[in-house]
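Observations on the model geometry
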Amino acid sequence: MSTNNLSYNDQGGSDSAVEVGQETTPTSSNAGAGFGLFSTNFKKNDDLKEMLESNKDSLKLDAMKRIIALIAKGKNASELFPAVVKNVASKNIELKKLVYVYLVRYAEEQQDLALLSISTFQRALKDPNQLIRASALRVLSSIRVPIIVPIMMLAIKEAASDMSPYVRKTSAHAIQKLYSLDPDQKEHLIEVIDKLLKDKSTLVAGSVVMAFEEVCPDRIDLIHKNYRKLCNLLVDVEEWGQVVIITMLTRYARTQFTSPWKEDGLFDENSETAFYESDEKKTKNGDEKKSYMMDPDHRLLLRNTKPLLQSRNTAVVVSVAQLYWHLAPKHEVGVITKSLVRLLRSHREVQYVVLQNIATMSIQRKGMFEPYMKSFYVRSTDATHIKSLKLEILTSLANEANISTILREFQTYVKSQDKQFAAGTIQAIGRCATNISEVTDTCLQGLVLLLSNRDETVVAESVVVIKKLLQTQPTQHSDIIKHMAKLFDNIAVPMARASILWLMGEYCERVPQIAPDVLRKMAKSFTSEEDIVKLQTVNLAAKLYLTNSKQTKLLTQYILNLGKYDQNYDIRDRTRFIRQLIVPNEKSGALGKYARRILLAPKPAPVLESTYKDRDRYQLGTLSHTINTKASGYLELSDWPAVAPDQSVRNVEVIEPVKEWAPSLGKTGKSKLSKSSDDKFYSDSGEEKEKGSGSSSSEDSSSEESSSEAESDEEKSSSQSSEESDKSSSQSEKSSSESDSEQKKTTKKPPQKKTVKPTAKDRSYLLPIVCGPGERLHGFVSKQVPVSLSLFSLCILTPCPLSCAALLLQVSGPAFVPEKSHDLLHRMTGKGLSAQYQFPRQPCLYQPTMVSVQISLTNTTDHPLEQIHIGDRDPTGLDMHCFNAIECLLPEASVTVSLGVDFNDSTQAANFQLCTKEDQFSVSIQPAVGELFLPATMTEQDFRKEQGKFAGKTASSGALVLVTVELRELSAALITINTEKSVMGPMLLRDLKRALARA
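Before going into details, it helps to say that this report is about the structure given with it. (Residues numbered from 1 in each chain as written. Predicted model: local features only at pLDDT ≥ 70, side-chain atom pairs only at ≥ 80, totals over all residues. Heavy atoms only, no water.)

Notes on the pattern of salt bridges
Test applied: The term salt bridge refers to a side-chain nitrogen of Lys or Arg lying within 4 Å of a carboxyl oxygen of Asp or Glu. Secondary structure elements are defined from DSSP: runs of H or I of at least 4 residues count as helices, runs of E of at least 2 residues count as strands, and each element is numbered from the N terminus. Relative accessibility under 20% of the residue-type maximum defines a buried residue, over 50% an exposed one, and the middle range a partly exposed one, all with a 1.4 Å probe and only protein chains included.
Tallied over the full model, the rule gives 24 salt bridges. The residue E392 makes a salt bridge to R431 at a minimum N-O spacing of 2.7 Å. Placement of E392 in helix α22 (residues 384-397) and of R431 in helix α24 (residues 419-435) is noted, with a sequence separation of 39 residues between them. Overall, the relative accessible area of 11% leaves R431 in the buried class. Overlapping salt bridges, with partners in common, bring together R228, D295, D297 and R650 in one network.

Okay, structure coming up:
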């Protein structure tokens, strides 16, 4: 803009006008600089390309933000595709997210260009970071290019077996996208869905059920084995996953269980009373009453969903409410009432949906919501559609006991300034008068008084409702008809005038003097009336001609002549029909004989019903129920089966939880600690030997129990551990035992940084394990096999080459990662910054000598924290890979970062400073000895060979820690640890001893 001012001053006033005019054109060279971001100057894209090709992430990030802004404005940014694709491999997560957004936007339009990025995403699918893998799969599945369907299918199958539940969740989302792109892949996708349904992670459950609903909702057989697991995991699933699972389980239950609403049976949940009082509970005939026994799986579903009525998510509460409405016995449905009424305090959008469901429920079961009637009183701040729904519910709840209260409330509503609401109130009064005969006369009198109201809408609606009420008992209300005839001239609303004319014609014999006079007035204004009024005028003339032809013959002929030439063809047709029917002539034929029977036939009284009466044909809480029309994708609820299907299809192998250290001491079957063969924890030869040792069935069962526990997710492990309290001396001892065992089985150790001369040592310790009265070591020693042997090796990775035997090692993944985290910085000490750390037990990506540590940072203040980073370290030479500085952490936000620490083969704490922009806090990470080890798999032959090297002291494996556990009689165990680390051996032995003693 300074350039513009300079040119104005230099060139004078006349030239300045030209200069300004040139600036306003989009082709001006200064337009981009002078008029901001969204200029149409195409040279702007060159600047963006330069920024995207720069070495600074800040410039790239700024360029991507501007590109996304262009897209939001509707500008075409497809020519930047090659420059954007180059940044897919950026390490900046925020930049990568914007690149993904851009690619998803232009992938379908620019299919040829989109294929350029496929190889990049395929590489990202192998990235060690789970967020990168998930993001790559998400974008890959969003590229709707049919040619890459096989690539997408392969990526989904690999992601479904990923170690990270977050990646598996993303694969479930990708299933739906691939199915919409290529429905022919349905069978392959069903296989993936079946696999993911068996996943025990709560993070995956909701997403895979959603994929199931989209791809194969009719494959109920896939749910049988997973039904009980889904019911038990339901409480821990995320909120939207809960909604999907509950909806699916509702459909499932309607096909697998019998109806709990049988009126001829007595509900009996358990059979104890029938057992003890069988003689007393008999009818007078001597026949025992028929009782309904609820399926245990049916009861499991109801019991596990009931706590979700307290959920903060409205959709979850409504889902549970519809489940109880469609599945629960009638005497148990009342538990949903209070929760639904609570939702009426939410936003008006929530109120609308909840009130629609309540309106449907209140028609069938008034008693449910009658105690909460005041919650449905209309407020002045309610929107019109909310008022109408509350009015509908109040009308449905009306009975002899509360009708007086409701009518007093309606009197106030009639005076409302909202005309539509006032008209709805009058209709509600008419419904109350029809349903409750005791107040019919009272309602009619009140409606007649409303005929004198100044508001035309109120008067017109009153006339229409009175007309319907009079049809029920016309003989008693001729005075009302006369009163309405007197008000006819003052009523201008067409529907109201037509209703009065219909009443005059229908009951013309009861008002013989008034009806002809009304017809005379209508003959004068016939040409200026609305079409609906003209039609009723023609009907009135025909009826009066048949009942009182002397007075109305000429008037009728006059009106028929006017109607014969009316502009509306309906009126012309009606006029010709009436003339041929009532006026006899040669062409009329025999139909004229039946004119009276046709026109003056008795009409049935109209039934005033709720508009929500027929909505129960749709499942509550669905879109179809809301719009009262079957929506696309709606799945109808099936009827209850007459005979319950076989419930054994839901049976799975009963697995009892055992101590986590039991498999390492008494393993007698094939190890199931990992789902993949690469993650085996025990040696293959050892397994074969143990299989042939004639182990008892009790040992086999304990082996299966341990494998189940190892495969379970963190929430499942914690719940199972709580169930083991009756098998241990105390809960505290059990927890300590499990913690120590976890460290022993799944930990790793970084390599030594200093050069240490190997000194092979062989240490043997006899540990007496004393059991209390009635206790035994579960799954350790059977009666048939007096001695059981278990071998496992722990590997210390070093930068130096290992021996030939060591090269045969297979480093296995962690069988279990504890959920427990340790406090790094308390929020009070950290002035609102809270930090916790845990060991993920994964190989460190930064250096092989480091231990991976995950730190979760949380801002508990009400203001953002800036520049969170690692400061000084103690000792100064501590080798640590720090995380990138966090620019800003918003209030109540959390972020997880990764840290690599080289503990230098010791359990000494790593001390450092956690800094923000304003403060510095001294923190410390203390590793347990178990966190310094990495589990490795080798054959028994190699294990014995390495153990012999230790005993002979002729060679050193350099990085191996070999542990042998031999169980002996009288509850004794011999533990042998072979290691060249004189410090690590006793420390590991101490932890093993503590774990066994506390068990």
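Quick word on α22
Quick note on the threshold: Expected helix span is computed as 1.5 Å times (number of residues minus one). Residue contacts are defined here by distance: any two heavy atoms, one from each residue, within 4.5 Å place the two residues in contact.
Taking 1.5 Å of rise per residue, the 14 residues of α22 would be expected to cover 20 Å, and the 20 Å separating its terminal C-alpha atoms lies within 8% of that figure. The buried count for α22 comes to 11 of 14 residues, which makes it a mostly enclosed element. What α22 keeps buried is the set I386, K387, L389, K390, L391, E392, I393, L394, T395, S396 and L397. At its buried positions, α22 is contacted by α20 (348-364), α21 (366-369), α23 (403-414) and α24.

Some details on helix α10 (residues 149-160)
Each α-helix winds once per 3.6 residues, and so residues spaced three or four apart point in a common direction. In a regular helix each residue adds 1.5 Å, so 12 residues correspond to 16 Å; α10 covers 16 Å between its end C-alpha atoms and thus fits that length. Along its buried surface, α10 packs onto α9 (130-142), α11 (165-181) and α12 (186-197).

Thoughts on the layout of surface pockets
Short version of the rule: Only protein atoms enter the 1 Å grid used here, on which a cavity is any set of points holding a 1.4 Å probe that cannot leave and a pocket is any open set flanked by protein within 12 Å on both sides along at least five of seven lines; residues with an atom within 4 Å of a point are listed as lining. Grid points are joined across faces, edges and corners, and a volume is the space filled by probe spheres set on the points. Residues are sorted three ways: Asp, Glu, Lys and Arg are charged, Ala, Val, Leu, Ile, Met, Phe, Trp, Tyr, Cys and Pro are nonpolar, and all the rest, Gly among them, are polar.
Of the pockets and cavities examined, the second largest pocket occupies roughly 790 Å³. Around the second largest pocket, the lining comprises 29 residues; the ones closest to its centre are V243, T247, G621, T622 and L623. For the lining of the second largest pocket, the leading source of residues is helix α18 (residues 314-327), giving 5 residues. When its residues are assigned to classes, the lining of the second largest pocket shows 14 nonpolar, 11 polar and 4 charged.

Considerations on a nonpolar patch on the surface
The criterion, for reference: Only residues above 30% relative accessible area that lack a salt bridge enter a patch, with like-charged residues linked at up to 9 Å and the nonpolar side chains Val, Leu, Ile, Met, Phe, Trp and Tyr linked at up to 5 Å. Note on areas: these come from Shrake-Rupley sampling with a 1.4 Å probe, and a residue is covered only by the protein chains present in the view.
Judged by side-chain polarity, F577, L591, Y594 and I598 come together as a nonpolar surface patch covering roughly 380 Å² of accessible area. Residue position: F577 is located in helix α32 (residues 569-582). Here F577 falls in the partly exposed class, since its relative accessible area comes to 40%.

Structural notes on a negative patch on the surface
Just so we agree on the cut-off: The charge count includes Lys and Arg as positive and Asp and Glu as negative, but it does not include His or the ends of the chains. Taken as the charge centre is NZ of Lys, CZ of Arg, CG of Asp or CD of Glu, depending on the residue.
A contiguous patch of negative charge, built from D46, D47, E50 and E79, is present on the exposed surface. As for its position among the elements, D46 is in helix α3 (residues 44-52).

Some details on unusual backbone geometry
What is expected of a backbone is that most residues other than glycine have negative phi and most peptide bonds are trans. The residue N628 is not glycine, and still its phi comes out positive at about 60°. Here N628 shows up in the loop between α34 (623-627) and α35 (662-666).

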